[in-house]
Every structure is written in C-alpha cells, then in structure tokens.
Amino acid sequence: MKFTKAAVSGALALAVAIFAGQGACRKKTFDYDARSTIVLGQYASLTGGTADFGKSSNDGLQLALEQINASGGLLGKQVSVTTEDDQSNSDNAVAAVSKLINRDKVSAVIGEVASTRSLSGGGICQSSRIPMLSPASTNPQVTKTGDYIFRICFTDDFQGKICARFAKDQGWKRVAMLTDTANAYSKGLATAFKENFPVDMIVADENFKAEDKNFEAQLNKIKATNPDAIYLPAYYTEVGLIVTQARRAGMTMPFFGGDGWDSPQTQSNPDTVGCFYSDHYSANDPSEATQKFVKAFAKKYGHQPDAMAVLGYDAMGVMAQAIKDAGSADPKAIRDALAKIKNYDGASGQITIDENRNATKSIVILNVTGKPVPDLAKRYDPGE
C-alpha cells in the first residue's frame, strides 16, 4: 500500500496528539499556580521558508514581554516564554507544541502565524486542553479545531470579502486571479473573493504552486484578457517573483493581495510599487496605542514594525490580559478569560473575541510605495 506524504504527516500528528492527550491526563495533578514564574510557550517559523513572518511575530512578542515584566509581571510574578522553532514545517510544529506542553508544562501557547501550522499545533493544544492564541492565522478552520483555540486576527473570509469590496471601489471591471493551489491560505482568500465579486467581471482564473519559479504560461494567458488588475492571494515568497515576471512581460496593471504580502521583500521590490494588499494595521495610524508601539519597536530593533510584529505584540498583550482577568495561570482559567476579551485596545486596533474565538476588528488596504512604511489606501470596519 502506498502512503502519501500527507497520510504519513496525519498519522504522525495523530500519534503525537494521543501522546499529548495522555500528557494532559497527567497534568490534572500539576499546579500551575505553584510556580514562582508564569510559563508560556511560543512556536514560530524562526527559520525556513516563511522565517520573515516568525521572526517579526517573535520580535513583537518579546517587546510586549519585556514591557510586561518591567511593569511588575502578572499576578505578582515574572512571565517567561519558551520558544520552539518549527522551521516553517507542519510536522515540526506538532513536535514543537508537544515539547512545550509535555516537557515545559506551559500554561498557554502563542502561535503560529501560518494557518497550516496552526492547524497542526492546534490539534495538540486542543487534545491537551492548553489554550492556544494565534497572532495571524487567518484560515477560518483554525479556531474550528476546538474550544481552546483562539486568534487575534481577522479571518480569510472577511479579508477576501474586503478585497472584493476594494476592487469594486477602485472601479475595476476586469479582474484576473492567480492562486496558489498548494496553499490553504491562498485558496481560502480566492474562494472568499469570488463569492463577493461579480463572476462576469473575473476575466481569468489561473493557478500555480508555491515551488514554481516560472509563471510565464499563466501570465501570458492573463495578459491576453487585458485585466484592469490582478488578484494574487499568496505569500511574499512568491509575490515578488510573479510581479517581476509580469512587469518584464509588459504587464503594467496593479496586483493586489492579502496580508501574506507583508514583508520587507515586498516593500523593497520596485516592481510591486503601486500594488495593494489587505493587512492588519497601518504604521501611519494616529491612534495612541499604535504610535506608542511603533516608537517602542523602532527604538528596540532599529526599524519599523510590520503587521506580523504588531500581531505578535498584541497576542502577548491579549494573553497577559486574560491571565490578569483569570487571576490564575491555570490553563482552563486562561481559556475562559480569553473567551471574554472585549474591546482590548491593541496596537493593531481594538480587539474583541467573538463566540467562535475569532477577533472582531478592522482591516486596512495598504499601497506599496517602495518606502519602509506603505501608505494607508483605505480602512474597512467590521461588518462592511
């Protein structure tokens, strides 16, 4: 019998989940509040294909942690965060979360950015009854893993809907699409976009896979339809390659996409100037919470924070608020407090956790300018 890579990965995840679940039974006798410190865990892609995401999120988290401990910690104790690098790999995410729960006995887990890895690690957290808070995983399936899984970001169905709304607001009558069929994030955004944009105004719908390097065939087909704009829901790792090849082919129309574009690689690429993407915040937002964060981050790291940094910062802040509200480091108490977070004044905007453990918050459309900080093109509030 031939086993696919996905089947092997699934079997591995199930085996580890069973082990983690057994660990959860042992944890019933563990007193999390008896510790001299509050121990949290984080798993992130600090190396590998999407390391930009993991590093930025971790930078934001570490800034928040530093501020929390400098202010006296939580519940009269200092807070520590044990971090595991999953190397941008879903199987490694399973192993990383299992270590945090069974070896380090963390009270809660923060992570991951990528939805595929949040789904892998989330299964372990759910079976172990350890709350997990994702900074940036936008796939709607993530929080459906179970009642211990939360996020502080909007979801892809909202993000795709807003991108469709933005395209209409721009007056684009002919829109082409180019989707990564090997990526759940890309497919989710594409589906949401198509559900909210007139089908007769989508003039081309082409596909690619993340490992592809040459997009000539797809771009030539799109070029022949003469679109006003091209929707490219993909990660920054492919966006630059695709847009640059399009420009070389004489395609001057704007591309637009989702928060997966957010990276210094996108901002520094001259070919992406004049393109747009939806994101979690704008560094130009005049709100006190945003500007306080931007200044503190720039002072600590010497550069402007991107969206993953602000989400890492807010994830740590929301987790700290939940522990404070719970008055305990016990996982169940933290879970219950996370479910009640309302109107948290985050650096990325006001955050309320809804009944499905998702965040209700605004979304922005940014214009790539080639400068370190992209321009704010438009803001959309929840419900739009």
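About the thresholds
- Residues numbered from 1 in each chain as written.
- Predicted model: local features only at pLDDT ≥ 70, side-chain atom pairs only at ≥ 80, totals over all residues.
- Heavy atoms only, no water.
- Core = buried A, V, L, I, M, F, W, Y, C linked by side-chain atoms within 4.5 Å.
- Buried < 20%, exposed > 50% of the residue type's maximum accessible area, 1.4 Å probe, protein only.
- Helix = DSSP H or I, 4+ residues; strand = E, 2+ residues; numbered from the N terminus.
- Pairing = 2+ DSSP bridges.
- Contact = heavy atoms within 4.5 Å.
- Axes fitted to C-alpha atoms, helices over the stretch in contact; angles between N-to-C directions.
- Salt bridge = Lys/Arg side-chain N within 4 Å of Asp/Glu carboxyl O.
- Phe/Tyr/Trp six-rings, centres within 6.5 Å; stacked < 30°, edge-to-face > 60°.
- Lys NZ or Arg CZ within 6 Å of the ring centre and 35° of its normal.
- Expected span 1.5 Å × (residues − 1).
- Arc of directions from axis to C-beta.
- Polar contact = N/O pair within 3.5 Å; in protein donor to acceptor, adjacent residues only side chain to side chain.

Caption draft 1: Just the nonpolar core, in detail. Within the largest apolar cluster, 91 residues are counted, with the highest numbers of intra-cluster contacts made by Leu40, Phe193, Phe256, Phe293, Met316 and Met319. With 13 residues, the top contributor of residues to this core is helix α11 (residues 307–326). Among the nonpolar cores identified, the runner-up in size contains 23 residues, and Ile230, Ala234, Tyr277 and Val368 belong to it.

Caption draft 2: Seen up close, the sheet that holds strand β12 (residues 349–353). Taken in spatial order, the three strands of this open sheet run β11-β12-β13, and their pairing is antiparallel. In this open sheet, the two strands that pair with only one neighbour each are β11 (344–346) and β13 (359–360). In this structure, β11 lies alongside β12, joined through three bridges in antiparallel fashion. Residue pairing across strands places Asp345 opposite Gln350, the latter belonging to β12. Here α11 sits on the sheet in contact with β11 and β12, set at roughly 155° to β11.

Caption draft 3: View of the pattern of salt bridges. Summed over the entire model, instances satisfying the criterion amount to ten salt bridges. Salt-bridge contacts for Asp104 lead to Arg103; the nearest nitrogen and oxygen are separated by 2.8 Å. Taking the relative accessible area as the measure of exposure, Arg103 reaches 48% and is therefore partly exposed. Put simply, Arg165 and Asp169 hold a salt bridge, and the shortest N to O gap is 3.7 Å.

Caption draft 4: Seen up close, the packing of aromatic side chains. One pass over the full model with this rule turns up 18 aromatic pairs. With 5.7 Å between their ring centres and 50° between their planes, Phe293 and Phe297 make a pair best called tilted. One end of the pair, Phe293, and the other, Phe297, are both in helix α10 (residues 288–301), four residues apart, so they sit about a helical turn from each other. For Phe293, a relative accessible area of 1% translates into the label buried. One aromatic cluster in this structure is built from Phe166, Trp172, Phe193, Phe197, Tyr231, Phe256 and Phe276. Above the ring of Phe30, the side-chain terminus of Lys105 is found at 5.9 Å from the ring centroid.

Caption draft 5: The arrangement of helix α6 (residues 184–196) in detail. Helix length check: α6 (13 residues) gives 19 Å between terminal C-alpha atoms against 18 Å at 1.5 Å per residue, within 8%. By the burial criterion, the buried members of α6 are Tyr185, Ser186, Leu189, Ala190, Ala192 and Phe193. On an axial view of α6, the arc spanned by its buried residues comes to 165°, and they lie on one face. Close packing links the buried residues of α6 with α5 (156–169), β6 (175–180), β8 (229–231) and β9 (255–257). The N-capping residue of α6, defined by a side-chain oxygen 2.7 Å from the backbone nitrogen of Tyr185, is Asn183.

Caption draft 6: Representation of the sheet that holds strand β5 (residues 149–151) within the structure. Read across the sheet, five strands follow the order β2-β1-β3-β4-β5 without closing on themselves; strand pairing throughout is parallel. With partners counted over all chains shown, the strands left at the sheet margins are β2 (78–85) and β5, one partner each. Examined bridge by bridge, strand β4 (residues 132–134) and β5 share three bridges and lie parallel to one another. Bridging from a neighbouring strand, Met132 pairs with Ile149 of β5. Strand contacts of helix α4 (residues 115–128): β1 (37–44), β3 (109–110), β4 and β5, with the helix running at about 165° to β4, the strand carrying the most contacts.

By themselves, these observations are geometric and do not establish any function.
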